[in-house]
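What the coordinates show
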Amino acid sequence: MNDESPMLDLCLHLSILSMMAVGGGLVMMAPDISHFVVTEKHWVTSAQFASAYAIAQAAPGPNLLFISLVGWLIAGWTGAILTTLAVIIPSTILTLSVISLNTSNYNQRLTAAVRDTFAPISIGFLLATACLFTQLDTASWRTGVITVLTALIVVRSKLNPVILIAAGAAAGILHLI
């Protein structure tokens, strides 16, 4: 762990990311957060990060809970609370500002352009997250195949994603991945 203030570094990093991930998109920033806390700072291992992410995705509630778990791994309860606030406060302020702007200028071209920009960015971040988790030390070629198949099913069908999550859990229990 860094002798300086790891929580200050992490909270500043998360605050900046949260401004780009309005509306729950912080989950899609997982590759950047992983790079920061695992590769760059060495505060947690890739296995710890992947476990925190998986637990948060499986738990009911907001998907950004993995941030709280990463904060907890780094600095206990203080880390969990500070990282959660670092993510929630800046993005909430930005969201409220954009909502105010959007309601008063809904049909203007700039508002429409901003709205249309979020979809491809979100898809790119989701693909980057999938690539991150298929490149972990514990990942096998089967993990990559399952990731690609899952993505194709989500894009091509209206199958409930909960069914895919359950299938992934079953594959893990059966040691297929």
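Okay, the side chain of Ser18 next. Positionally, Ser18 belongs in helix α1 (residues 6-20). Separated by 2.8 Å, the side chain of Ser18 and the backbone oxygen of Ser15 make a polar contact.

A word on the packing of aromatic side chains. Pairs of aromatic rings are described using the distance from one ring centre to the other and the angle between the two planes. Enumeration over the complete set of coordinates arrives at three aromatic pairs. Between Phe49 and Phe66 the ring centres are 5.8 Å apart and the planes differ by 85 degrees, which places this aromatic pair in the edge-to-face class. One end of the pair, Phe49, is in helix α3 (residues 46-58); the other, Phe66, is in helix α4 (residues 65-104), and 17 residues separate them in sequence. Each member of the pair, Phe49 together with Phe66, is buried. Connected via pairs of aromatic rings, a cluster forms that spans Phe49, Tyr53 and Phe66.

Below, the discussion takes up the packing of helix α2 (residues 30-40) against α3. The N-to-C vectors of α2 and α3 enclose an angle of 145 degrees; their axes lie 10 Å apart at closest approach. For the element pair α2 and α3, the recorded crossing hand is right-handed. Contacts between α2 and α3 involve Ala30, Ile33, Ser34, Val37 and Val38 from the first element and Ser46, Phe49 and Tyr53 from the second. Here the contact of α2 with α3 is composed, by residue class, of six nonpolar, two polar and no charged.

The full count for this structure, using the stated rule, is one salt bridge. Lys41 is the partner of Asp9 in a salt bridge, and the nearest nitrogen-oxygen pair spans 3.5 Å. Residue Asp9 is found in helix α1, and its partner Lys41 is found in the loop between α2 and α3; the two are separated by 32 residues along the sequence. The exposure class of Asp9 is partly exposed, given its relative accessible area of 24%.

Reading the values: rules and limits
- Residues numbered from 1 in each chain as written.
- Predicted model: local features only at pLDDT ≥ 70, side-chain atom pairs only at ≥ 80, totals over all residues.
- Heavy atoms only, no water.
- Helix = DSSP H or I, 4+ residues; strand = E, 2+ residues; numbered from the N terminus.
- Polar contact = N/O pair within 3.5 Å; in protein donor to acceptor, adjacent residues only side chain to side chain.
- Phe/Tyr/Trp six-rings, centres within 6.5 Å; stacked < 30°, edge-to-face > 60°.
- Buried < 20%, exposed > 50% of the residue type's maximum accessible area, 1.4 Å probe, protein only.
- Axes fitted to C-alpha atoms, helices over the stretch in contact; angles between N-to-C directions.
- Left-handed = near helix turned anticlockwise from the far one by under 90°.
- Contact = heavy atoms within 4.5 Å.
- Nonpolar A, V, L, I, M, F, W, Y, C, P; charged D, E, K, R; others polar.
- Salt bridge = Lys/Arg side-chain N within 4 Å of Asp/Glu carboxyl O.

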